[in-house]
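Chains, contacts and geometry: an overview
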Amino acid sequence: MIRKVGAMSLGLMLCAGALYGGNGTEPEQEAARTARLKSIEKVEHTPEAAPKKSRLTLGGYGEAVYSRNFYSDNYLRYDSPQNYKNDTHGRFDLPHVVIMLGYDFGKGWTMGTEIEFEHGGTESAVEIEEHEGGEYEAEVERGGEVALEQFWIQKSFCPQFNIKLGHMVVPVGMTNAHHLPTEFFGVYRPEGENTILPCTWHETGVSLWGRAGQWRYEVMLLPGLDSDRFGSKDWVKGGAGSPYEFKIANAMAGAFRVDNYSVKGLRLSLSGYAGNSFSNTLKQATNAVYDDVKGTVLIGSFDFCYDAHNWVARGNFDYGHLSDADLITRYNQSFSKDSPSPKQPVASDAIATGVEAGYDFLSLFRKGGDKEQRLYLFGRYEYYDSMYKTAKAVTHYTEYGRQRLAVGLNYYPMKEIVVKGEYSIGLLKSRFNNEPAISLGVAYAGFFNL
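Anyway, here's the lowdown on the structure attached to this text. Computed from a prediction, not measured in an experiment: that's the story for all the values here.

Further remarks concern the overall build of the protein. Counting secondary structure elements, the protein contains five helices and 19 strands. Residue pairs in contact within the protein that sit at least 24 positions apart in sequence constitute 68% of those at least 6 positions apart. When the accessible surface of the protein is totalled, it reaches about 21,100 Å², and 60% of it is carbon and sulfur.

Below you can see the structure in the form of structure tokens.
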């Protein structure tokens, strides 16, 4: 009997997918889940051992931030920069607070959910729009009172092949795949990717993923982005999700991600997205000039992470292209004032690139002491532009192309908690005012055994 139970446990260990597998986790997190399965096997081999751990997993992450921004937040700051040189403002923020819940049904079946509260609210807000006469505009990023970031059912056949169905993270770009606050140095998520891409990007669809040796892959079928809600500052970011009680799926899209771990401590990743967007709207165009418009969105991304010898270095390069951007701009600007579209010019190409590196200075004084504590001094450089290229008929807002520098400290009293501080400056074109800021934050990310 014990042998049969052991064989069943070994099969579970080899073929069951990780509870949160397929969501861009690092090798040490996957190792932790494997260790959990091994501990189950050990308990089942020993009748007198302690009771098995619960199949229920509870976890989450959260961030609390204070920023003092030494620049204006007036809606005219880019139109008349000379009038706002000495303005400052401060902000408290809860960028993301997430509750995760998972359950292992057995026989390779698992489920996972994430409920997210962004900025301490319900994902609806009132903003003063730039270049729109300073009008107050209600913005709804997603229908409902809170964001259901993930809800999926997964069947794991073996480590090399798992299928996931439901609502899940789209693993395009470094930040979407590795968005926990313990996985980046800045107080806020990397600004470039968080500007031009949906972040965290989550959609309902089907995902196939697996890991073989030093390679991990994921491919995903999902609804296309909605071109109605593309904009100047955020490019296609607003096209994810839906302001309605459903997600329009007139056009489907595909996404993929491949990770390689061949070099110890190094992850190299390639990801991408392709899909049409113009037909993925409620209001269909009736003018013949739009008959051949597809609004194809193509995104390619490379990112890496090196974590060894007390150094952590990360980097990303993202490039996106939108076909028919001039006609989409024309169409969106024809919407009525009460439509959910921002009715803004949209660029044909957008770019975001960045690199950060930090060294753990506590390692210089660590001699068999607390190895969990770490203190990183880091620096980060970014360049991004949501209007990198525009058609001749599209207004080009040059303030959306910028460089950003940041330096700061990250203190980890333990691996699940981090205290952050940084000085950053956004370097804009010469006619605009630069945007320096000091930010402080505290964050956690972890799973809790019940």
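With respect to the helices and strands, the residue arginine 77 is situated in the loop between β1 (56-69) and β2 (89-93). Among the polar contacts listed, one links the side chain of arginine 77 to the backbone oxygen of aspartate 73, at a separation of 3.4 Å.

We now examine the environment of arginine 374. Here arginine 374 lies in strand β16 (residues 374-389). On a C-alpha basis, the gap between arginine 374 and valine 418 in space is 9.3 Å, while along the polypeptide they are 44 residues apart. For arginine 374, the residues in contact, after removing those within four places along its chain, are Asp360, Leu362, Arg366, Asn410, Tyr411, Tyr412 and Lys415.

With that settled, the discussion passes to the packing of aromatic side chains. Between two aromatic rings, the relevant description is the distance of the centres plus the angle of the planes. Tallied over the full model, the rule gives 18 aromatic pairs. Summarising the aromatic geometry, the rings of phenylalanine 157 and phenylalanine 161 are spaced 5.5 Å apart at their centres and angled 35 degrees between planes, so their arrangement reads as tilted. Judged by relative accessible area, phenylalanine 157 falls into the partly exposed class, the value being 44%. What links up through ring pairs into an aromatic cluster is the set Tyr78, Tyr397, Tyr400 and Phe432.

In this structure, Trp201, Leu225, Trp235, Tyr273, Val297, Ile299 and Leu322 are the most contacted members of the largest nonpolar core, which totals 36 residues. Of all elements in the fold, only β10 (215-223), β11 (252-260), β13 (297-308), α5 (325-332), β15 (349-360) and β16 reach the threshold of two or more residues within this core. Broken down by element, this core gets its largest block of residues, three residues, from α5. Counting residues in each nonpolar core, the second largest holds seven residues, with Phe185, Val312, Tyr376 and Tyr412 among its members.

This model, assessed by the stated rule, comprises five cavities of 30 Å³ or more. Within this model, the second largest cavity holds a volume of roughly 70 Å³. Lining the second largest cavity, in full, are Tyr71, Ser72, Arg77, Tyr78, Tyr84, Phe432, Asn433 and Glu435. Of the residues belonging to the lining of the second largest cavity, the class tally is four nonpolar, two polar and two charged.

Close approach of charged atoms allows side chains with opposite charge to pair. Across all of its chains, the model carries 16 salt bridges by this definition. Close ionic contact of arginine 216 with glutamate 218 constitutes a salt bridge, the shortest N to O distance being 3.8 Å. For glutamate 218, a relative accessible area of 1% corresponds to the buried category. The closest approach of N and O atoms between aspartate 259 and arginine 216, which form a salt bridge, is 3.9 Å. Taken together, the residues aspartate 259 in strand β11 and arginine 216 in strand β10 connect sequence positions 43 residues apart. Accessibility assignment for this pair places aspartate 259 and arginine 216 in one class, buried. Within the structure, one salt-bridge network assembled from shared partners comprises Glu191, Arg314, Glu356, Arg380, Glu382, Arg404 and Glu422.

Conventions adopted
The numbering scheme is per chain: residues are counted from 1 as the chain's sequence reads. Predicted model: local features are reported for residues with pLDDT of at least 70 only, side-chain atom pairs are reported and counted for 80 or more only, and whole-chain, interface and lining totals are derived from all residues. Hydrogens and water are ignored here; the side-chain numbers use all heavy atoms of the structure. A run of H or I in DSSP counts as a helix once it spans at least four residues, and a run of E counts as a strand once it spans at least two, with each numbered from the N terminus. The contact criterion used is simple: two residues touch if any of their non-hydrogen atoms lie within 4.5 Å. Accessible surface is estimated by sampling points in the Shrake-Rupley manner with a 1.4 Å probe; for residues, cover comes only from the protein chains shown. Polar contacts, as used here, are pairs of N or O atoms within 3.5 Å; protein pairs need one atom able to donate a hydrogen and one able to accept it. Residues neighboring in sequence count only if both atoms are side-chain atoms. When two rings of Phe, Tyr or Trp (its six-membered ring) have centres within 6.5 Å they constitute a pair, described as stacked for plane angles under 30 degrees, edge-to-face for angles over 60, and tilted for the intermediate range. Exposed residues in this analysis have more than 50% of their type's maximum accessible area, buried residues have under 20%, and partly exposed residues fall in between, with area computed by a 1.4 Å probe over protein chains only. What makes a nonpolar core is a set of buried Ala, Val, Leu, Ile, Met, Phe, Trp, Tyr and Cys residues whose side-chain atoms join them at distances within 4.5 Å. Think of a 1 Å grid over just the protein atoms. A cavity is a set of points where a 1.4 Å probe fits yet cannot get out, a pocket is an open set with protein on both sides within 12 Å along at least five of seven lines, and lining residues have an atom within 4 Å of a point. Grid points are joined across faces, edges and corners, and a volume is the space filled by probe spheres set on the points. Lys, Arg, Asp and Glu make up the charged group, whereas Ala, Val, Leu, Ile, Met, Phe, Trp, Tyr, Cys and Pro make up the nonpolar group; the residues left over, Gly among them, are polar. The salt bridge definition used is simple: a Lys or Arg side-chain nitrogen within 4 Å of an Asp or Glu carboxyl oxygen.

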